[in-house]
Amino acid sequence: MSKEKFNFVEAYYRYKKIRRTEERITEIYPTDKIKSPVHLSIGQESIAVGCSMASSKKDIIFSNYRGHAHFIAHGGDYKAFWSELYGKSNGLSSGKAGSMHLGDLNINFMFTSAIVASSIPNAVGYALAQKIKNLSNVVLCYHGDGAMDEGVFWESINFASLKQLPILFICENNEYAIYSHLKKRMYQANIIERVRSFGLKAKKIKNDTFTIFEETKKILKKIRMNSTPHFIEISTSRLKDHVGIKNSPNMKKNDSRLIEDKELLFLRSKVKDFKKIDKKIESEIDKAIRYAEKSKYPKQNEILSNVFSNL
Amino acid sequence: MSNSLNLSYGKAIYEGIYQSMLNNPNVFIFGQGIDDYKGHYGTTLNLHKKFGKERAFDTPISEDSLTGIAIGSSLAGMRPIFVHQRMDFLMLCMNQLVNMASKICYLSNGIQNVPIVIRASIGRSWGQGAQHSQSLYSFFAHVPGLKVIAPTTPYDVKGGIIASINDNNPVIFVEHRMLYENKGLVPQKKYEISLSSARVTKKGSDLTLIGVSYTVVDCLRASEILKDKKIDVEVIDLICISNLDIKTIIKSAKKTKKIIIVDNDWLYCGLASEIATQVSEKLKFKIPIERMGYKFSPCPTTRNLEDNFYPSANVIAKKAYEMITNKKDWTPKKIINKEILEFKGPF
Ligand SMILES: Cc1ncc(C[n+]2csc(CCOP(=O)(O)OP(=O)(O)O)c2C)c(N)n1
Ligand SMILES: [Mg+2]
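Residues numbered from 1 in each chain as written. Chains lettered and ligands numbered in written order. Predicted model: local features only at pLDDT ≥ 70, side-chain atom pairs only at ≥ 80, totals over all residues.

Draft legend 1. Main features of the overall build of chain B. Counting its secondary structure elements, chain B contains 13 helices and 13 strands. For chain B, whose C-alpha radius of gyration is 20 Å, the value lies close to the compact-globule estimate of 20 Å for 347 residues. On the principal axes, the C-alpha backbone points of chain B span a range of 60 × 45 × 45 Å. Counting only residues that meet the buried cut, chain B has 52% of its 347 residues in that class. Expressed as a percentage of contacts within chain B between residues at least 6 apart in sequence, the contacts between residues at least 24 apart total 79%. (Helix = DSSP H or I, 4+ residues; strand = E, 2+ residues; numbered from the N terminus. Rg over C-alpha atoms; globule rule 2.2 N^0.38 Å. Buried ≥ 20, exposed ≤ 12 C-beta atoms within 10 Å, placed from the backbone. Contact = placed C-beta atoms within 7 Å.)

Draft legend 2. View of the overall build of chain A. A count of helices and strands for chain A gives 10 helices and seven strands. The C-alpha atoms of chain A give 19 Å as radius of gyration, which agrees with the globular expectation for 311 residues (19 Å, within 12%). If one aligns the C-alpha atoms of chain A with their principal axes, the spans along those axes are about 50 × 50 × 40 Å. Across the 311 residues in chain A, those meeting the buried criterion constitute 48%. Looking at chain A alone, contacts between residues at least 24 apart form 75% of all its contacts between residues at least 6 apart.

Draft legend 3. Up close: the interface of chain B and chain A. Taken together, the contact pairs 29 residues of chain B with 35 residues of chain A. Those elements that place two or more of their residues in the side of chain B that touches chain A are α3 (63-75) and α11 (303-309) of chain B. With five residues, α11(B) is the largest single contributor of residues to the side of chain B that touches chain A. Looking at the side of chain B that touches chain A residue by residue, the classes come out as eight nonpolar, 14 polar and seven charged. (Nonpolar A, V, L, I, M, F, W, Y, C, P; charged D, E, K, R; others polar.)

Draft legend 4. Representation of the site of ligand 1 within the structure. Lining the immediate environment of ligand 1, one finds 19 residues, of which A:Val116, A:Gly144, A:Gly146, A:Ala147 and A:Ala177 sit closest. More than one chain approaches ligand 1, the contributing ones being chains A and B. Partitioning the shell around ligand 1 into residue classes produces 10 nonpolar, six polar and three charged. (Near = placed C-beta within 6 Å.)

Draft legend 5. The packing of helix α4 (residues 78-85) of chain A against helix α10 (residues 274-294) of chain A, seen in detail. Residue and element names in this part refer to chain A. For the pair α4 and α10, interaxial distance at closest approach is 8 Å and the crossing angle is 45°. One element, α4, and the other, α10, form an angle in the oblique class. By crossing handedness, the relation of α4 to α10 is classed as right-handed. Of the residues in α10, those in contact with Tyr 78, Lys 79, Trp 82, Ser 83 and Leu 85 of α4 are Glu 284, Ala 288, Ile 289, Tyr 291 and Ala 292. Looking at side-chain class alone, the contact of α4 with α10 contains seven nonpolar, one polar and two charged residues. (Axes fitted to C-alpha atoms, helices over the stretch in contact; angles between N-to-C directions. Parallel < 35°, antiparallel > 145°, perpendicular 65-115°, else oblique. Left-handed = near helix turned anticlockwise from the far one by under 90°.)

Draft legend 6. Structural context of helix α6 (residues 151-162) of chain A. Residues and elements named next belong to chain A. Over its 12 residues, α6 runs 17 Å from end to end, which matches the ideal 16 Å to within 8%, given 1.5 Å per residue. Of all the positions in α6, only Phe 153, Ser 156, Ile 157 and Ala 160 are classed as buried. Across the axial projection of α6, the buried residues extend over an arc of 95°, all falling on one side. Downstream of α6 by one or two residues, Gln 164 has phi in the positive range, about 50°. (Expected span 1.5 Å × (residues − 1). Arc of directions from axis to C-beta.)

Draft legend 7. Seen up close, the sheet that holds strand β6 (residues 201-204) of chain A. Residues and elements named next belong to chain A. The five strands lie next to each other as β1-β2-β3-β7-β6, forming an open sheet whose pairing is parallel. Pairing within the sheet leaves two strands with one partner each, and these edge strands are β1 (60-62) and β6. When strand polarity is set aside, the average angle formed by the axes of neighbouring strands in this sheet is 15°. Bridging between β6 and strand β7 (residues 230-235) involves four bridges; their strand directions are parallel. Along β7, the bridge assignment pairs Ala 202 with Phe 231. On top of the sheet, helix α8 (residues 209-226) reaches β3 (167-173), β6 and β7; it is set at about 170° to β7, its chief contact. (Pairing = 2+ DSSP bridges.)

Draft legend 8. The sheet that holds strand β5 (residues 117-122) of chain B, seen in detail. Residue and element names in this part refer to chain B. One open sheet accounts for six strands, arranged β3-β2-β4-β5-β7-β6; its pairing is parallel. With partners counted over all chains shown, the strands left at the sheet margins are β3 (56-57) and β6 (147-149), one partner each. Bridge count between β5 and strand β7 (residues 171-176): six bridges; the pairing is parallel. Its bridge partner being in β7, Ile 118 is matched across the sheet by Ile 172. Contacts from helix α7 (residues 154-166) reach β2 (27-31), β4 (79-84), β5, β6 and β7 within the one sheet, and its direction differs from that of β7 by about 160°.

Draft legend 9. Structural view of the domain arrangement of chain B. All names here are of chain B. Segmentation of chain B into domains returns domain 1 (4-187) and domain 2 (199-342). A C-alpha centroid distance of 27 Å is found between domain 1 and domain 2. Listed by partner, the interface residues are 24 residues for domain 1 and 22 residues for domain 2. Only α6 (137-141), β6 and β7 provide two or more residues apiece to the side of domain 1 that touches domain 2. In terms of residue class, the side of domain 1 that touches domain 2 is built from 12 nonpolar, eight polar and four charged. (Domains from an automatic or database assignment.)

Draft legend 10. Representation of the environment of B:Phe285. Note that B:Phe285 resides in the loop between α10 (271-282) and β13 (289-292). With 7 C-beta atoms counted inside 10 Å, the residue B:Phe285 sits in the exposed group.

Draft legend 11. Quick peek at the packing of helix α2 (residues 45-54) of chain A against α8(A). Residue and element names in this part refer to chain A. Here α2 crosses α8 at 40°, and the two axes come no closer than 8 Å. Classified by the interaxial angle, the pair formed by α2 and α8 is oblique. In this structure, α2 crosses over α8, and the sense of that crossing is right-handed. Across the interface between the two elements, Ser 46, Ile 47, Val 49, Gly 50, Cys 51, Met 53 and Ala 54 of α2 pack against Thr 209, Ile 212, Phe 213, Thr 216, Lys 217 and Leu 220 of α8. Taken together, the residues of the contact of α2 with α8 sort by class into eight nonpolar, four polar and one charged.

Draft legend 12. Expanded view of the nonpolar core. Core analysis: the biggest nonpolar cluster contains 94 residues, and B:Ile149, B:Ile172, B:Val174, B:Leu209, B:Ile241, B:Ile316 and B:Ala320 have the highest contact counts within it. When residues of this core are sorted by domain, at least three fall in each of domain 1 (4-187) and domain 2 (199-342) of chain B. In terms of nonpolar packing, the next biggest core, distinct from the first, is built from 78 residues, A:Ala54, A:Cys171, A:Val195 and A:Phe213 among them. (Core = buried A, V, L, I, M, F, W, Y, C linked by C-beta atoms within 7 Å.)

Draft legend 13. Layout of the pairing of β2(B). Residue and element names in this part refer to chain B. With respect to burial, β2 is a largely interior element, five of its five residues being buried. Side chains Val 27, Ile 29 and Gly 31 of β2 all project onto a buried face; the interleaved residues Phe 28 and Phe 30 project onto the opposite face, where all are buried too. Of the strand pairs in this sheet, β2 and β4 are connected by five bridges, and their pairing is parallel. What sits directly across from Val 27, in β4, is Arg 79. Judged from the two bridges that link them, β2 and β3 form a sheet pairing that is parallel. Note on β3: the bridge partner recorded for Ile 29 is Ala 56.

Pasting the structure below:
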């Protein structure tokens, strides 16, 4: 697709909505209305936006505890998201899960895990089921660079290759696992080569929203046609601390990215009426926050509900 | 105590590790982020600067293999300490701990041993939710060949970490996030506590409260509340989960003739059940025994459910009152533990 035909309005909307959501969380956090850890995605928005715009509605999303961006970009229930952060009964999981475990089956967004790499084999299993059932849906599996430290990551991609499963692994390489840099964790940081050696098609993609969209779109088409596992790596920066709302101590204080986001400005420059979109986003956020604030906490007997399935 | 300092639980752990590393060049420590600026609640702060990167280092997120690596190094004479930010992450180490570490001594006919220490924090409070708050120590205590301890006070945590490092067996060392700031007197010298003794923290005659790790704090607060009703309870800090000090418990039971075990975990197939069973096996007469612990569900994230997921001081006090008086006419004022109220994350 040519850049001219790309839906910049939608890209700007998703990107800015993620950014503003995270900023609003940052503002609210000191009031202690959100009493649980949040792993913010500020700085990593382009990946979620590009990949989500390239994927189709039937595709299945596996994310992790740093899932706000993915959830919003793929169109998860936004009001229920805020209610979940507030721990309210009309949240995604009645407030019992919180920010680290978002999920919305209406958009095939699987509930996320806060144990590093633990849902990667689940994503592979979901892809296995698509193949057995002869469906054309693709599984998108977002994960961090740190997840690739775990043996289960490599065992999972080996299996995905062995069975030629319809899955796209999306590595958001922000170079850090909490405060540990990649170089302290991997002897060789040549991620792409290592993944290729397991038989997956792997590609490093330049970090801008349009390129991520365009490349992902092509790859997803291939996966849908041939059922082959693919892997993409995108270099990115997490501007906030690993968890919580402070700026990342891994960034220099005068880093220009902390002052202005070039990608956001670029997307904005492609949108004539960006002010209108900004207004729309702000009003959506306001409404969702008001909804969450007004909602009730779950009743005490909810503690014991859904430990086992009632289906 | 002379030559003692008023130290936090976190600092006491640090002292124990520092002195052990100074004393024995075979002791080394590793784990995710142990060399970062927070140094795992201060317990490992700057150890890499003092002892070098070879003896104190950060690791990849590879719990399973690193447990095996700790075991391997111990077979070669080292004494590794492997630190985990959360107890939950030990689930990735199960094979190495249960199938390897606990078996090597037995299978080698006692020729080999595995002197490793696995430190893990229980992460209760502030919306840690289902995967970052679990205790799970009874899984390990179930297995012959593993020792499991969970000290509560700064004194015991320092003596406990030193004893664990010196012990010739694998020790799972359980810490609690809400205890790191607790202060108490800690001798400056290097000392060990027994890995099979409980401690009577408060003497009393009307009922015995048995706590472990953070629930000891709840039991002590309950004993304060009960003073309003002129009830005098004894509080036992279990400390050792695998080598249960049943003698101390029986002695107390003979005196008070009533026991409440407040576990820091689910009750089903757990530590509290083990204690209750051993008490009823060893006592010649029958006494009432109650168990309290987590609600039998994953830990909910939202605060209004999280508060009731855990046994609290007022609920413990109410139960004790009812057991002693056979009356249900008193509901003690609800108190939320101040360290839990004050804790504002983000982790
Ligand atoms: C099995 C396990 N080990 C350790 C942790 C603690 N932990 C939480 S997030 C994280 C870093 C993960 O880094 P990465 O995969 O790069 O994701 P990022 O946070 O950078 O998005 C660690 C070590 C955990 N949650 N699970
Ligand atoms: Mg990372």
